[in-house]
Amino acid sequence: MGRSFLILGGTGDLTGRLLLPGLAELVDAGVLDDGVRLLALSREDWSDEEYRGWAHDRLAEHAAHVPEAARERLVGRLGYRHGDVTVPADLRAGLAQAGGAPVIYLALPNTVFLPTLEAMTQVELPEGAVIAVEKPFGRDLADARRLNAVLHQLVPEESVFRTDHFLAMQTVLNILGLRFANRMFEPVWNAQHVERVDIVFDETLGLEGRAGYYDTAGALRDMLQNHLLQMLAVVAMEPPAALDARSLAARKADVLRAVRSPQDMRRDTVRARYTAGRIGGRELPDYTAEDGVQADRGTETYAEYTVTIENWRWAGVPFRLRSGKALGADRHEITLRFKPVPHLAFEEGTAEGGAAEADVLRLRLDPDGISLELNLNGGGDPFDLERRSLEVELPPARLSAYGLLLQELLAGEAALSISDVEAEQSWRIVEPILAAWAADEVALLEYPAGSEGPARG
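Quick look at the structure, then. (Residues numbered from 1 in each chain as written. Predicted model: local features only at pLDDT ≥ 70, side-chain atom pairs only at ≥ 80, totals over all residues. Heavy atoms only, no water.)

## Considering the pairing of strand E14 (residues 331-338)
We count it as follows: Each residue gets one of three labels from its accessible area relative to the maximum for its type: buried under 20%, exposed over 50%, partly exposed in between, using a 1.4 Å probe on protein chains only. Put simply, DSSP H or I for four residues or longer makes a helix, DSSP E for two residues or longer makes a strand, and each gets a number counted from the N terminus. Whether two strands pair comes down to DSSP finding at least two bridges between them.
Summarising burial for E14: 7 of the 8 residues are buried, a large majority. Relative to E14, strand E7 (residues 194-202) is paired through 8 bridges, and the arrangement is antiparallel. By the bridge assignment for E14, isoleucine 199 is matched with isoleucine 334. Here 5 bridges tie E14 to strand E15 (residues 360-364), and the two strands are oriented antiparallel to one another. Within E15, the residue paired with arginine 337 across the bridge is valine 360.

## Observations regarding helix H10 (residues 245-258)
Note the cut-off: For a helix, the expected span equals 1.5 Å multiplied by the number of residues minus one. Pairs of residues are marked as contacts when any of their non-hydrogen atoms sit within 4.5 Å. Side-chain atoms alone can form a polar contact between residues adjacent in sequence; in general such a contact is a pair of N or O atoms within 3.5 Å, and within protein one must be able to donate a hydrogen while the other accepts it.
Between the first and last C-alpha of H10 there are 20 Å, a value that for 14 residues agrees with the 20 Å anticipated at 1.5 Å per step. Close packing links the buried residues of H10 with helix H7 (170-180), helix H9 (227-236), strand E8 (259-260), strand E12 (302-309) and helix H13 (420-438). At the N-terminal end of H10, a side-chain oxygen is found 3.1 Å from the backbone nitrogen of arginine 246, two or three residues along, and the residue is aspartate 244.

## So, the environment of alanine 356
Relative to the assigned elements, alanine 356 resides in the loop between E14 and E15. Its relative accessible area of 25% is what places alanine 356 among the partly exposed residues. For the pair formed by alanine 356 and aspartate 384, sequence separation is 28 residues and the distance between their alpha carbons is 9.8 Å.

## Here's the deal with unusual backbone geometry
Residue lysine 135 is joined to proline 136 through a cis peptide bond whose omega torsion reads -5°. With respect to the secondary-structure elements, proline 136 resides in the loop between strand E5 (130-133) and helix H6 (141-154). Phi at alanine 326 is positive, roughly 60°, even though this residue is not glycine. Under the relative-accessibility criterion, alanine 326 is labelled buried at 0%.

## Let's talk about the packing of helix H2 (residues 48-62) against helix H3 (residues 68-77)
Axis angle and axis distance: for two packed helices, these are the angle between their axes and the distance between the axes, and together they describe the pair. The condition is simple: Axis geometry follows a simple rule: fit a line to the C-alpha atoms, using only the stretch in contact for helices, then measure angles between N-to-C directions, giving values from 0 to 180 degrees. For classification, angles of less than 35 degrees are called roughly parallel, those exceeding 145 degrees roughly antiparallel, those between 65 and 115 degrees roughly perpendicular, and all remaining angles oblique. Left-handed is the label given to a crossing in which the near helix is rotated counterclockwise from the far helix by less than a right angle, and right-handed is the label when the rotation is clockwise. In this classification, the charged set is Asp, Glu, Lys and Arg, the nonpolar set is Ala, Val, Leu, Ile, Met, Phe, Trp, Tyr, Cys and Pro, and all remaining amino acids, among them Gly, are polar.
Direction vectors running N to C along H2 and H3 enclose 155°, while the axes themselves pass 9 Å from each other. Classified by the angle between their axes, H2 and H3 sit roughly antiparallel to one another. Crossing of H2 against H3: the hand is right-handed. Residues Arg52, Ala55, His56, Leu59 and Ala60 of H2 form the contact with H3, whose own contacting residues are Arg71, Glu72, Leu74, Val75 and Gly76. A per-class count over the contact of H2 with H3 returns 5 nonpolar, 2 polar and 3 charged.

## Section: the sheet that holds E5
Hydrogen bonding along the main chain pairs the strands of a sheet, whether they run parallel or antiparallel. The strand order E3-E2-E1-E4-E5-E6 describes an open sheet built from 6 strands, whose pairing is parallel. Two strands close off the open sheet at either side, each with one partner strand: strand E3 (78-82) and strand E6 (160-162). The sheet shows a mean angle of 20° between the axes of neighbouring strands, direction not considered. Direction of pairing for strand E1 (residues 3-8) relative to strand E2 (residues 37-42): parallel, over a ladder of 5 bridges. Its bridge partner being in E2, isoleucine 7 is matched across the sheet by alanine 40.

## Digging into helix H5 (residues 113-120)
Owing to its 3.6 residues per turn, the α-helix aligns residues three or four sequence positions apart on the same side. For H5, the tally of buried residues reaches 6 of 8 residues, placing the bulk of the element in the interior. Regarding H5, the residues found buried are Phe113, Leu114, Thr116, Leu117, Ala119 and Met120. On the buried face of H5, the contacting elements are E1, helix H4 (88-98), strand E4 (101-106), E5 and H6.

The structure is reproduced here in structure tokens:
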């Protein structure tokens, strides 16, 4: 039975901005089989030609890196069906038109996940069906459990693909190679040698017209509950027996089970939102003045928290996760700061007269690269130390993160998926933070757009 790809929410922002460009990359790479039928289902009462015109424009806007010939080949293969994803009859008709063993991709607002999946329980899914669900997976732990329960009624766990495109980023994947294919790193990848770990995703972008989603989510739900916790799990997990879906999911789940939520919310968590400011040549208004924002919600645009992992490898090492919008510089990196050497024989310290710094390993995302900051003998006095950075810039990946996710999804490979246990454990970790913030136990700080973030006393 051939494979088909059914996009629920086929006229949405996610489809136009990420899914269609990812599929176009697969067409260009020659890995999207011509036999895979592509069908979008959405509420707009459009013909196939009208949908193809919309897709053509979205690809021109968001997939300029893909040759035009490949984009046009994709557009020519797209089909469209008008329907409501929460109505069983419309889902049944869409599945029949798609045919084959479908990948059913929920490119929908997360508030529509549950009614869509419940409608699906009234439809007989074809053999070999796979269901892909975007993030955020639910709004809290109870919601995630409800979603998992309905998904498990529909298909086996191995046929569920909870997407997180950060897992397909080149540098995140390179953590696996760096740790498990090089003997030198794994022996020091533990609390005995690592002082702290920082996982940071700072953006210069502001709201960018996404108030409908963002103002009800906020930075904690949008970034730290899913993307950054997944990166923590990859950094901190034990060596897997193999790089297959089952082994990776088990090792990541072990880490997330061991994560302890912050014990002192005022000390270990920060929430803030941006005020008016300037970033480069752009003037940004106060977040509360953005279209669609309700100021009394108290939505944060900056979130930070520090957790510990209570296991043998990482006990006592703080892991700080941080993400903010409208900041002065883009900073996307995972940093491991190692402990100082137990005895420094260089009495004079560095050539600049300061104390020798600890070694730092930086894993940079977008653009991808790795740097190792070390102390080496100076070029002048051989008994002075100088700070040097060993840098490697990773060549551009053949596929974008979404392109790679879609390739794995169509091939039936779930190594880059999030398991049911991981999804629920991630909510377990952040729920106490959400509760403390909702109760105003932690003050909502402010920071000017274009700054380094909120000042802490």
